[in-house]
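Architecture at a glance
Spelled out from the first residue to the last, the chains are:
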Amino acid sequence: MFGHEALFSAIGGRFIKNVDDSPVTALCYDSRDCIPGCAFFTFSGNHDSGRTYIDDAVERGAKLVITDRECGNTGADYIITDENIRSLYAFSSYLFFGRVSDRLRIIGVTGTDGKTSTCFYIYQLLRAAGFRTGLITTVYIDDGSGLVRSPYPNTTPEAFHIHSILSRAYENNVDYFIIEATSHALSSRFDRLNSIRYASCVYTKVSSEHLEFHKTLENYYNAKLNLARRCTGRTLIYRDNALASVMEKKNTVFLDHPVIVKPEEDKLFFKKGGKVYVFPHPEDFALDNAFLAAAAVMDATGLSDDEILPLMKGLENPEGRCETMMIDSRIIVIDFAHTPDAFSSLFSSFRKIYPSKGFITVFGASGCRDASKRPLMGYEAAKASRAVIISEDDPREEGFGKISSDILSGIKDAQAEVFIIEKREDALRKAFQISGENDIIFSLGLGAQKSIDYHTHRRPWSEREEIMNAAKEVLG
């Protein structure tokens, strides 16, 4: 029985007994989600502590509370601990589901840019090769019963949800499972993935991101390296990756980028081992991610180049990642790009494909997130575009004014025409109003998000639908 005393025995601390031992029905960190018999973990948040909600949790049925100090409510048992409660939550989730992650072959993917696409490419290649495959990414999840949109607000969900999905995947006889691992989830503070071991791991391009959380680039890199530290197999990484030099050499496969032999407007031909293969998208950075995915699949399965690389011709991009459409002779690109490096790669790739087209870029930056990147994003957008429209992108409590000012500070001596239009739908209309048939409109930052976060509320949003609405209104 996974009861109170059994959990105490596993995680330690000091046990205060007030009720009869009983099975733990669930592990919760939000009192609103508590059910009869659950264990409640008092996470510390940015603005308050989970201790504030103990009474509410117990009232809703929690019978065990894991916290860092004694509390007055005696309607539950207590485990008082000095350990990181989030880490204990992740370890307890691992135990609750019977350590099922140990029985799955898990491929972990991390990096700054390209994680979601690389995960989705690995997923498609494994399935095309005949393997039952599971997935957790920003956009999609699959527990072995089919691909669905992720219902979770975080790219890497909280640990109980992760292990619940892994448990279902095991029951569904999944051969391989892919997890998109963020720096937050890998960090010692949040530690959502602390009990998972990876059969192999993959690093996409790494630059600077989330310094509002990690404080320093060294801390950010160190969090990313936790994936490789927890890998029982091999790590795959490009030689020019920022983290390549600090990887343990004996367990690392260092890759060279694929050699493009013939670019076309809708595909790329690349060479490997004297043979030419097809990638069905024209962006070279997307090919880099897909080739990395193919290498990961070959490493995990033992299949050869000839068995995996031909399958790349059938790869699709995930929703909101380099998603292109044609509207009245204008090319529209929806992408989640939200770092200076991602901007540079995106613009550079499209400039190679369309050397004479004008670029119009709509973007913003997330509030209460790394502000140091905002001027550089502005610089990259203005350098590449004939027009830049700064708009909202999850402003949260920081507000649009400060964010747009930060972006604008990086746009100096640029030839681009610059507009500041807060409402995203108004910005998209403006993009179509100033566009011509020889233009590409980039709508960046939100990707496949289904809402915009204003801190006090979320507004439902679909980038694709709003683009279609703006085009219809302006172009008819």
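Each chain carries its own residue numbering, running from 1 in the written order of its sequence. Where local features are concerned, this predicted model is filtered to residues with pLDDT of at least 70; where side-chain atom pairs are given and counted, the filter is 80 or more; whole-chain, interface and lining totals use all residues. Excluded from the side-chain calculation are hydrogens and water; included are all heavy atoms of the structure.

**So, the overall build of the protein chain**
Condition: Only runs of H or I of at least four residues qualify as helices and only runs of E of at least two qualify as strands under DSSP, and these elements are numbered from the N terminus. Atoms considered for the radius of gyration are the C-alpha atoms alone. The globule rule reads 2.2 Å times the number of residues to the power 0.38. Partly exposed residues are those whose accessible area sits between 20% and 50% of the maximum for their type, while under 20% is buried and over 50% is exposed, using a 1.4 Å probe and protein chains only. Reported accessibility uses the Shrake-Rupley method at a 1.4 Å probe radius. Residues are deemed covered only where the shown protein chains occlude them. The convention is simple: Lys and Arg are positive, Asp and Glu are negative, and His and the chain ends are not counted. We put the charge of a Lys on NZ, of an Arg on CZ, of an Asp on CG and of a Glu on CD.
Per the secondary structure count, the protein chain includes 15 helices and 24 strands. In terms of overall size, the protein chain behaves like a compact globule, its C-alpha atoms giving a radius of gyration of 24 Å where 476 residues would be expected to give roughly 23 Å. When the backbone C-alpha atoms are referred to their principal axes, the protein chain occupies close to 75 × 55 × 40 Å. Across the 476 residues that make up the protein chain, the buried fraction comes to 56%. Carbon together with sulfur atoms contributes 48% to the accessible area of the protein chain, which is approximately 19,600 Å² in total. Computed over 56 positive and 65 negative side-chain charges, the inter-centroid distance for the protein chain is 3 Å.

**Some remarks on the packing of aromatic side chains**
As a reminder of what qualifies: For Phe, Tyr and Trp, where Trp contributes only its six-membered ring, two rings pair if their centres lie within 6.5 Å, and the inter-plane angle classes them as stacked under 30 degrees, edge-to-face over 60, or tilted in between. Put simply, a charge is over a ring when the Lys NZ or the Arg CZ is close to the ring centre, within 6 Å, and near the line of the ring normal, within 35 degrees.
Enumeration over the complete set of coordinates arrives at 24 aromatic pairs. Geometrically, the ring pair formed by Phe8 and Phe15 is stacked, given 5.2 Å between the ring centres and 20 degrees between the ring planes. Judged by its relative accessible area of 21%, Phe15 falls in the partly exposed class. On the numbers, 5.8 Å between centres and 75 degrees between planes, the contact of Phe343 with Phe347 is edge-to-face. Of this pair, Phe343 and Phe347 both sit in helix H11 (residues 340-353), four residues apart, which is roughly one turn of that helix. Across the pair, Phe347 and Phe343 agree in class, each one buried. Put simply, the rings of Phe343, Phe347, Phe350, Tyr354, Phe359, Phe363 and Phe442 pair up and form one aromatic cluster. Sitting above the plane of the Tyr176 ring, Arg105 keeps its charged end 4.3 Å from the centroid.

**Quick look at the packing of helix H14 (residues 424-433) against helix H15 (residues 463-475)**
Each packed pair of helices is defined by two parameters, the angle between the axes and the distance between the axes. Short version of the rule: Angular values range over 0 to 180 degrees, each being the angle between N-to-C directions of two axes fitted as lines to C-alpha atoms, with helices fitted over their stretch in contact. Throughout, the term roughly parallel applies to angles under 35 degrees, roughly antiparallel to angles over 145, roughly perpendicular to angles from 65 to 115, and oblique to all others. A crossing counts as left-handed when the near helix is turned anticlockwise from the far one by less than a right angle, and as right-handed when that turn is clockwise. We call two residues in contact when some of their heavy atoms are within 4.5 Å. As a working rule, the residues Ala, Val, Leu, Ile, Met, Phe, Trp, Tyr, Cys and Pro are called nonpolar, Asp, Glu, Lys and Arg charged, and the rest polar, with Gly in that last group.
Close contact between H14 and H15 brings their axes to 9 Å; oriented N to C, the two are set at 50 degrees. The angle between H14 and H15 places the two elements in the oblique class. In the packing of H14 onto H15, the handedness of the crossing is right-handed. Contacts between H14 and H15 involve Arg424, Glu425, Leu428, Arg429, Phe432 and Gln433 on the former and, on the latter, Glu463, Glu466, Ile467, Ala470, Ala471, Glu473, Val474 and Leu475. Each residue belonging to the contact of H14 with H15 can be placed in one class, and the counts come to seven nonpolar, one polar and six charged.

**Comments concerning unusual backbone geometry**
With a phi angle near 50 degrees, Asp328 is a residue other than glycine that sits in the positive phi range. Mapping Asp328 onto the fold places it in the loop between strand E17 (323-327) and strand E18 (330-335). According to the relative accessible area criterion, Asp328 is partly exposed, its value standing at 44%. Its identity as a non-glycine residue notwithstanding, Cys368 has a phi of 60 degrees, on the positive side. You can see Cys368 is positioned in the loop between strand E19 (358-363) and helix H12 (374-384). Judged by relative accessible area, which is 28%, Cys368 ranks as partly exposed.

Any link to function would need more than the numbers given here.
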